[in-house]
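Observations on the three-dimensional arrangement
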Amino acid sequence: MQRIGVFVCWCGSNIAGTVDVHAVAEALKTEPGVVFSTDYQYMCSQAGQNIIKDAIRDYRLTGVVVCSCSPRMHEVTFRKTASQAGLNPYMVEIANIREQCSWVHKDVPTGTEKAIILGRAAVAKVNLNAPLTPGESLVIKRALVIGGGIAGIQTALDIADAGFPVDIVEKQPTIGGKMAQLDKTFPTLDCAACILTPKMVDAAQNENIRILSYSEVEKVGGFVGNFEVTIRKKARYVKEDICTGCGACVEKCPMKKVPNEFNLGMDNRRAVYIPFAQAVPKVATIDPNYCNMLKNGKCGLCARVCTAGAIDYTQKDELITEKYGAIVVATGYNPISLDKFDEFAYNQSKDVISSLEFERLTNAAGPTAGKLVRPSDGKHPHTIVFVQCVGSRCDACAEKGKEYCSKICCMYTAKHAMLTRDKYPDTEVYVFYIDVRTPGKNFDEFYRRAVEEYGVHYVKGMVGKVSPEGDTLKVQASDLISGKQLHIDADLVVLAAAIEPDASARPLATMLTASMDTNDFFTEAHPKLRPVESPTAGVFLSGACQGPKDIPETVSQAGAAASKVIGLLVKDKLTTNPCVAQSNELMCNGCSSCELVCPYGAITYIDKEFRMPDRSIQIRRVAQVNPAVCQGCGACTVACPSGAMDLNGFKSEQIIAEVDAICR
Amino acid sequence: MKVRYFPGCTLKNKAQDLDLFARKSALALGIEMEEIPMWQCCGGVFVSANDEVATKLSSIRALSDAEEHHSPLVTVCSACHNVIKQTNHQFNTDSAFRQKAVNYLASDTVYQGGAEIYHYLEMLRDLVGFDEIKKKVVKPLTGRKIAVYYGCLLLRPNSVMKMDDPENPQIFESLIRALGAESVYYPMRNECCGGYIALESKELAEKKSRSVYESAKSAGADTIVTACPLCRYNLLKNNSPLPVVYFTELLAEALGAKEDSNE
Amino acid sequence: MNNRQKQEEILRISGVNARKCMKCGKCSATCPAYDEMEYHPHEFVYMVETGDIDRLMASQSLYKCLSCFACVDRCPRGVQPFKLIEAVRLMNIRKQGNNHMTANDIPSILDDDMPQQAIVSAFRKYTK
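Residues numbered from 1 in each chain as written. Chains lettered and ligands numbered in written order. Predicted model: local features only at pLDDT ≥ 70, side-chain atom pairs only at ≥ 80, totals over all residues. Heavy atoms only, no water.

1. Re the interface of chain B and chain C
Counting from both sides, the interface comprises 45 residues of chain B and, opposite them, 44 residues of chain C. Taken over both partners, the interface formed by chain B and chain C buries close to 3900 Å², and the fraction arising from carbon and sulfur atoms is 55%. In terms of surface lost to chain C, no three residues of chain B exceed Tyr196(B), Leu199(B) and Glu200(B), which account for 20% of the buried area on that side. Along the contact surface separating chain B from chain C lie ten salt bridges. Glu52(B) is the partner of Lys128(C) in a salt bridge, and the nearest nitrogen-oxygen pair spans 2.6 Å. Run the count over chain B and chain C and you get 20 residue pairs in polar contact (both at pLDDT 80 or more). (Contact = heavy atoms within 4.5 Å. Buried area = accessible area lost by both parts, 1.4 Å probe. Salt bridge = Lys/Arg side-chain N within 4 Å of Asp/Glu carboxyl O. Polar contact = N/O pair within 3.5 Å; in protein donor to acceptor, adjacent residues only side chain to side chain.)

2. Some details on the side chain of Asp167(A)
By secondary structure assignment, the location of Asp167(A) is in strand β7 (residues 166-169). If near-sequence neighbours (up to four positions away) are discounted, Asp167(A) is found in contact with Arg142(A), Ala143(A), Leu144(A), Val145(A), Arg210(A), Leu212(A), Glu322(A) and Tyr324(A). (Helix = DSSP H or I, 4+ residues; strand = E, 2+ residues; numbered from the N terminus.)

3. Let's talk about the packing of aromatic side chains
Taken as a whole and judged by the stated rule, the model has 16 aromatic pairs over all chains. Seen in terms of ring centroids, Tyr433(A) and Tyr458(A) are 5.9 Å apart; in terms of plane orientation they differ by 55°. Their pairing is tilted. Taken together, the residues Tyr433(A) in strand β22 (residues 428-433) and Tyr458(A) in strand β23 (residues 457-460) connect sequence positions 25 residues apart. Each of the two residues, Tyr433(A) as well as Tyr458(A), counts as buried. Three or more aromatic residues joined by ring pairs make a cluster, and in this case those are Tyr120(B), Tyr150(B), Phe172(B) and Phe247(B). Positioned over the ring face of Tyr273(A) is Arg269(A), at 3.7 Å from the centre of the ring. (Phe/Tyr/Trp six-rings, centres within 6.5 Å; stacked < 30°, edge-to-face > 60°. Buried < 20%, exposed > 50% of the residue type's maximum accessible area, 1.4 Å probe, protein only. Lys NZ or Arg CZ within 6 Å of the ring centre and 35° of its normal.)

4. Details of the domain arrangement of chain B
Residue and element names in this part refer to chain B. Along its sequence, chain B is carved into domain 1 (2-121) and domain 2 (130-255). The C-alpha-based centres of domain 1 and domain 2 are spaced at 23 Å. Tallying the contact residues gives 23 residues for domain 1 and 24 residues for domain 2. In total, domain 1 and domain 2 occlude about 2100 Å² of area from one another, counting both sides; carbon and sulfur atoms represent 77% of this. When the area that domain 1 buries against domain 2 is broken down by residue, the three leading residues are Leu29, Ser78 and Leu121, summing to 31%. One can count zero salt bridges joining domain 1 with domain 2. At the junction of domain 1 with domain 2, the criterion picks out five residue pairs in polar contact (both at pLDDT 80 or more). Among the secondary structure elements, those contributing two or more residues to the side of domain 1 that touches domain 2 are α1 (16-28), α3 (78-93) and α5 (120-128). By residue number, the principal contributor to the side of domain 1 that touches domain 2 is α3, which donates seven residues. (Domains from an automatic or database assignment.)

5. Describing the pairing of β7(A)
Residues and elements named next belong to chain A. Of the two faces of β7, the one holding Val166 and Ile168 and the one holding Asp167 and Val169 are both buried throughout. Note that strand β6 (residues 143-146) and β7 share four bridges and pair parallel. Bridging across to β7, Ala143 finds its partner in Val166. Remark: the β6/helix α7 (residues 150-161)/β7 crossover connection has right-handed handedness. Bridge analysis of β7 against strand β10 (residues 209-212) gives four bridges, and the strand direction is parallel. The partner of Ile168 across the bridge, within β10, is Ile211. (Pairing = 2+ DSSP bridges. Right-handed = clockwise from strand over helix to strand, strands pointing away.)

6. Focus: the sheet that holds strand β6 (residues 182-183) of chain B
Residue and element names in this part refer to chain B. Overall, parallel pairing links the four strands, which are arranged β6-β5-β7-β8 in an open sheet. The sheet is open, and its two edges are formed by β6 and β8 (244-246), each paired on a single side. Inspection of the sheet shows strand β5 (residues 145-149) paired to strand β7 (residues 223-226) by four bridges, in the parallel sense. Along β7, the bridge assignment pairs Ala147 with Ile224. Sheet strands touched by helix α10 (residues 229-237): β5, β7 and β8. Its angle to β8, the strand with the most contacts, is close to 165°. (Axes fitted to C-alpha atoms, helices over the stretch in contact; angles between N-to-C directions.)

7. Concerning the interface of chain A and chain B
Contact with chain A, which involves 13 residues of that partner, is made by twelve residues of chain B. For the pair chain A and chain B, the two sides together bury roughly 890 Å², of which 42% comes from carbon and sulfur. At the surface where chain A touches chain B, the tally comes to one salt bridge. Here Lys465(A) ties to Glu191(B) by a salt bridge, and the two come within 2.9 Å at their closest N and O atoms. Linking chain A to chain B there are seven residue pairs in polar contact (both at pLDDT 80 or more). A breakdown of the residues in the side of chain A that touches chain B according to their chemical character gives two nonpolar, three polar and eight charged. (Nonpolar A, V, L, I, M, F, W, Y, C, P; charged D, E, K, R; others polar.)

8. A few points about the packing of helix α3 (residues 41-50) of chain C against helix α6 (residues 81-93) of chain C
Residue and element names in this part refer to chain C. Orientation of α3 relative to α6, taken along the N-to-C sense of each, is 65°, at an axis distance of 9 Å. By the angle between their directions, the pair α3 and α6 is classed as roughly perpendicular. The way α3 lies across α6 gives a crossing that is left-handed. Where α3 approaches α6, its residues Pro41, Phe44, Val45 and Val48 are matched on the opposing element by Pro81, Leu84 and Ile85. Per-class residue counts for the contact of α3 with α6 are seven nonpolar, no polar and no charged. (Parallel < 35°, antiparallel > 145°, perpendicular 65-115°, else oblique. Left-handed = near helix turned anticlockwise from the far one by under 90°.)

9. Regarding the environment of Val110(B)
Residue and element names in this part refer to chain B. By the secondary structure assignment, Val110 is in the loop between α4 (95-105) and β4 (117-119). Distance from Val110 to Val212, taken between C-alpha atoms, is 43 Å for residues 102 residues apart in sequence. Setting aside chain neighbours within four positions, we find Val110 in contact with Glu67 and Val102.

10. Notes on the pairing of strand β1 (residues 4-9) of chain A
Residues and elements named next belong to chain A. Among the six residues that make up β1, six are buried, leaving the element largely enclosed by the rest of the structure. Both β1 and strand β3 (residues 63-68) contribute to a ladder of five bridges, which runs parallel. Looking across to β3, one finds that Gly5 is bridged to Val64. The sheet contact formed by β1 and strand β2 (residues 34-40) spans six bridges and is parallel. Bridge pairing in β2 places Gly5 opposite Phe36.

11. Some details on the pattern of salt bridges
One pass over the structure, following the stated rule, counts 70 salt bridges over all chains. For the salt bridge of Arg4(C) with Glu8(C), the shortest nitrogen-to-oxygen distance reads 3.3 Å. Linking Arg4(C) with Glu8(C), this pair stays in helix α1 (residues 3-14), spanning four residues, or about one helical turn. Since its relative accessible area comes to 55%, Arg4(C) is described here as exposed. Ionic pairing is found between Asp52(C) and Arg55(C), a salt bridge with its closest N-O pair at 2.6 Å. Asp52(C) sits in the partly exposed class, given a relative accessible area of 24%. Note on Arg55(C): relative accessible area 45%, which makes it partly exposed. When salt bridges with common partners are traced through the structure, they connect Arg142(A), Asp167(A), Arg210(A) and Glu322(A) into a single cluster.

12. Quick look at the nonpolar core
Soluble globular proteins tend to bury their nonpolar side chains together. Among the nonpolar cores identified, the biggest contains 73 residues, and Tyr149(B), Leu199(B), Ile224(B) and Ile10(C) are the most heavily contacted of them. Considering each element in turn, this core owes the most residues, eight residues, to α6(C). Inspection of this core shows a minimum of three residues originating in each of domain 1 (2-121) and domain 2 (130-255) of chain B. When residues no more than four places from it in sequence are discounted, the contact partners of Ile224(B) are Ala147(B), Tyr149(B), Tyr213(B), Ala216(B), Leu235(B), Ser240(B), Leu242(B), Pro243(B), Val244(B) and Val245(B). Core analysis: the next-biggest nonpolar cluster, separate from the first, contains 71 residues, Leu124(B), Leu179(B), Tyr246(B) and Leu255(B) among them. (Core = buried A, V, L, I, M, F, W, Y, C linked by side-chain atoms within 4.5 Å.)

13. Quick word on the confidence of the model for chain C
When the pLDDT values of chain C are averaged, the result is 94; 100% of them are 70 or greater. Predicted complex metrics record ipTM = 0.95 and pTM = 0.91. (pLDDT = per-residue confidence, 0-100.)

14. Remarks on helix α9 (residues 202-218) of chain B
Here α9(B) spans 24 Å end to end across 17 residues, near enough to the 24 Å set by a 1.5 Å rise per residue. Residues of α9(B) that are buried include every one of Leu204(B), Ala205(B), Lys208(B), Ser209(B), Val212(B), Tyr213(B), Ser215(B) and Ala216(B), and no others. All buried residues of α9(B) fall inside an arc of 155° around its axis, so they share one side. The outward face of α9(B), more than 90 degrees from its buried face, is lined by the exposed residues Glu203(B) and Ser218(B). Contacts made by the buried residues of α9(B) are with β24 (463-469) of chain A together with β5, β7 and α10 of chain B. Phi turns positive one or two residues past the end of α9(B), at Gly220(B), with a value near 95°. (Expected span 1.5 Å × (residues − 1). Arc of directions from axis to C-beta.)

In C-alpha cells:
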C-alpha cells in the first residue's frame with residue numbers, strides 16, 4: 001500500500017476563486033492510501049515546495065498528488081521537489097484543477113466537485129505508480145535549418161559560430177528569401193541587399209555551414225538529439241561544384257519568355273537562369289518546364305557554351321539522408337493571392353499591383369532598374385493610391401482574407417509613400433488606412449515623417465472599388481474624417497496584401513509532428529515564455545513561419561532559436577523519458593500491429609527462445625521496444641490485440657483505475 | 001432534360017422577349033421547360049428581415065413544386081432568381097422562419113428544403129455546358145463586341161448566390177464567347193443600375209445607369225446584354241447610346257432559334 | 001418603445017452583430033447611393049451600435065438604399081450593413097400610416113416601358 005500526500009494549490013485566486021480548496025483537501029483525506037492532505041496559497045513557491053518536502057520526510061510518503069495547474073506548467077517543478085526529498089520523481093502525479101477546472105467553471109460548488117473528482121483520479125493512479133528511471137540518449141552535434149531566408153541564414157550563422165555544423169535546406173535555387181526582393185528597409189532606409197548579401201556570403205563561406213539549395217525536406221524520423229532527415233536535392237541539370245556562375249549559358253539560352261518569379265512575373269528570364277546577381281550559390285539552374293533540350297531534346301546550346309562543362313541534362317533528383325540533433329523551421333511567408341479581391345481590379349489592370357511588386361519596381365536590380373513607372377505603359381505615375389489591410393483583419397464570415405493583422409504593412413507602406421515623395425515630388429500619394437499601427441522603435445516617428453515632411457496624404461477610410469477606365473484607375477473610397485465619398489483618378493494602385501505562411505509549412509509540420517494554428521502558423525511551446533521552441537522537443541521556430549514579423553524581430557528570434565539549439569547541442573547526452581512502451585513477451589503474438597503504427601520506428605521484432613512448462617524450448621517472434629527511440633505516444637498499446645504492449649507510467653490498469661475513480 | 005420553370009411577372013408582360021427566347025433556346029438545346037402552374041410573383045426583392053414571412057411564401061411554393069417533381073428550378077429573371085435563392089437559404093438556415101413558413105402554407109406536401117435552383121445562365125454552364133452550346137451555334141455572333149451586365153442581383157450576396165466570383169465573374173463572358181462574340185471587360189459590369197429607385201428618385205437612377213453604359217461604351221462595346229428587365233429599363237430610359245438586349249435573344253440568334261417556329 | 005428596445009428589435013430582426021464593425025468605412029466607400037444619403041452605411045452601423053435610433057428612423061436615407069448588397073459583399077468583417085438599413089426601414093413602415101409610397105403615387109411615376117418588377121419591388125421596400 002502506498003503512503004500518499006495530497007497538496008492542493010490555491011494559485012492565488014486562480015483556483016481558490018472557483019474551487020473550495022479546503023473542501024478538496026478534506027475530501028481527498030479519506031481516499032485509499034492518503035495519509036496526509038493539505039492546501040496552500042502557492043504550492044510552486046519555495047515555501048510550498050518545502051511543505052511537500054517536509055511531508056515526504058515526516059509522513060514517509062511513497063507517492064505525491066499535487067492538485068494545481070496543468071502538468072505542462074509545473075510537473076517538472078514538483079518532480080524535482082520530490083526527488084530532492086528522496087522520492088522517485090515518477091511517484092508524483094498532477095491533478096489539473098486550474099486549466100481544466102477552475103478556469104472553465106463559474107460557480108464554486110461545480111468547481112469544487114470536479115476538483116475532488118480529478119484529485120481522486122490522480123490518487124487512484126499514484127496507488128499503482130512504480131518508480132521509473134530515465135535512460136540516456138546521445139546528441140548528434142549537427143543542426144538542420146529549413147528555409148534560407150533572413151531567419152534561416154541568421155540562425156545558421158549563430159549556430160555555426162558556436163562551432164556546430166549546420167545544413168540549410170532552401171527550396172529555391174538561391175538563399176536570401178523575401179528580403180532579397182526588398183528595396184529599402186524601414187525605419188532606417190538602409191538597402192536590403194546591402195545588409196543581406198554579406199550575410200549570404202558569410203553563410204556560403206562558413207566552414208560549418210552547408211547550403212543545400214534547390215532542395216526540400218522529404219522525410220523526418222527520430223527524435224530530439226537524433227533526427228534522421230531525408231532531403232531531396234532537385235535536379236538543377238547543372239553540376240553545382242563545377243559551375244562558376246559566369247552566366248554564359250544564360251546569355252545564350254534561346255528560351256527568353258519565362259516569367260521571372262524573382263521579379264514577380266513583371267519581366268522574363270531564360271530557361272537556364274541565376275535568380276539575381278548576388279545569388280548564393282551563384283550557380284545556374286535549368287528550368288525543366290521551359291528548357292527545349294529537356295522537353296524534346298532539341299537545343300543543347302548551353303552545354304556547348306559552358307567552358308567548365310557543368311551542364312548535365314541527365315541529372316536526376318538526389319536523396320540525401322543525414323542525422324541531426326536539432327531542427328529549426330524558418331519557412332517564412334508569402335503575400336496572399338489577390339484573386340478574391342477583384343473589387344480592386346488586380347486581375348483587370350497591370351497598374352494595380354501588390355506591395356511586393358512595388359518593391360521590385362523601385363529596386364535598382366528590378367525590371368525597370370529602379371525607375372518607378374506604370375507596368376502597363378511605362379509612363380511615370382503622377383497619382384498613386386496605396387490601400388492598406390487588403391485581406392488582413394477579415395472576419396471569418398466575410399469568407400475571404402485572414403483574421404489577423406499582417407503587422408508589417410503599415411510600416412512598409414509608409415516607407416513606399418515616403419520614398420516615392422522623396423524621389424518624385426511631383427507625384428501625389430494617398431494612403432487609405434483603417435488604423436496606422438506603428439509599435440516599434442522609431443516606427444511612429446517614421447510614419448509621422450512621411451506625413452509631415454513628405455506630405456503623404458493619409459486618409460482614414462477604405463477603398464471600395466477600383467475601376468480601370470482608359471488610362472486611369474478610378475478609385476472610389478471613403479474619407480471618414482470629412483464624411484465624404486472620394487473619387488480619385490489614380491495612375492497606380494498598390495495593394496498591401498495580407499501575408500500567410502509558405503505553403504510548404506503544413507506538410508512539413510506533419511513530418512515534424514509540430515503543431516500549427518488554424519492559419520498554418522507554427523505554434524510555440526509557450527506564447528510568452530517559450531516563444532522560439534515548438535512543443536515538439538528538438539524542433540525550433542525562426543521568423544515569420546511562427547507569425548507575421550518584420551526583419552529586426554525575425555533576426556532577434558533567429559538568434560534566440562540558435563541559442564536554444566546551441567544549448568541542446570552542447571550536451572553530450574539527454575535524459576530520456578522513462579514513460580516508454582514495454583512489451584510483455586509472454587503475451588505478444590508477433591502480429592506486427594504495433595510496429596506498423598509506431599511513428600518513431602521504435603519497435604522491432606526478434607526471434608526469442610522460450611522455455612515452455614514441459615521444459616521444451618520454443619522460438620517465438622516477439623516485439624521489442626527501443627526505449628531510446630520510443631516517445632511514449634501510446635499508439636502501440638492501443639493497436640496491440642493481445643494486450644501485451646503497455647506504457648510505463650501510463651499502464652492500462654492505471655488509466656482504468658483513474659476512470660473508475662472518476663465514475664465512482 | 002426537364003426543368004421546372006418560374007417565369008415571373010415581368011416576363012409575362014414587359015419582358016416577353018426574355019421569356020420567349022429563353023423557351024426557344026431551351027428547345028434548341030433539348031431542354032423541356034415546364035412552367036410551374038399557378039406560380040405567383042416573387043415580390044421583386046427579397047426582404048432580408050428574418051421575421052418577414054408572408055412575402056416569401058410564393059417562392060417557397062415554387063421551390064416545393066420543383067422538389068416534388070425532382071427537377072431543377074430554373075429562373076431567367078435576375079430578381080426572381082435572387083428572391084427565390086435567398087428565400088431557400090433562409091428556409092434552410094433559420095429554423096424559426098422555416099416553422100412559420102410551413103405553418104402558413106399548411107399544404108399537404110411540406111417543402112423539405114431540397115430544391116436545386118439554377119439561373120438560366122447556370123443551367124447553360126452546369127447542366128448543358130458552354131462547350132456543348134458552342135457546338136450547337138449555327139450563326140456565330142462573330143465581330144460583335146458585347147458588354148455583359150450582371151448588375152447586383154445575380155451575384156450578391158455571394159455567400160448565398162454562389163454563382164461566380166462576385167468581383168471577377170466569368171459565367172456571362174464565357175457564354176458570350178461560346179456564341180462567337182467578343183466579351184468586353186468594363187469595371188461597372190457588377191455595379192447597380194439604380195433598380196427600383198427609379199420610382200423614388202429618377203435622378204439617382206439616371207446617374208447610376210449612366211455610369212454603367214458610359215463605362216461599357218468607353219470599353220468599346222457595341223451592345224449591352226442583361227438578364228434583368230429592370231436593368232434594361234433603367235439603361236434604356238436613361239438614354240443608353242448602346243442597345244441593351246436580353247441574353248436569351250443573343251442565344252436564340254446564335255442557335256438559329258430566333259426566327260424559326262411560330263412567334 | 002424606447003431607444004434601447006428599438007435597438008434590440010433592429011438587431012433581432014436584422015440578425016446583424018453591429019459590434020463586428022471595425023470602422024474601416026469600406027461599406028460607405030462602395031455604396032452607390034452615398035451622395036444621396038444624410039447618414040451613410042458606416043454611420044448606420046455606428047448609430048445602431050450606440051443606440052442612436054430615433055434620428056436614423058426619421059432620416060430619408062432609409063429610402064435611398066438600392067439593395068445592391070455591395071456593402072454586404074465587400075465588408076471585410078461580415079457586418080452586412082444593408083440588413084440594418086432594411087430593418088430600420090421596416091420598423092418605420094410597419095407602423096400604421098407610415099407607408100413611404102401609396103398606390104395613389106404610382107400613376108404619376110409610371111410610364112409605358114416600366115417593368116412590373118420595378119413597381120412590386122418599390123412597394124415591397126416602401127410600403128406595408
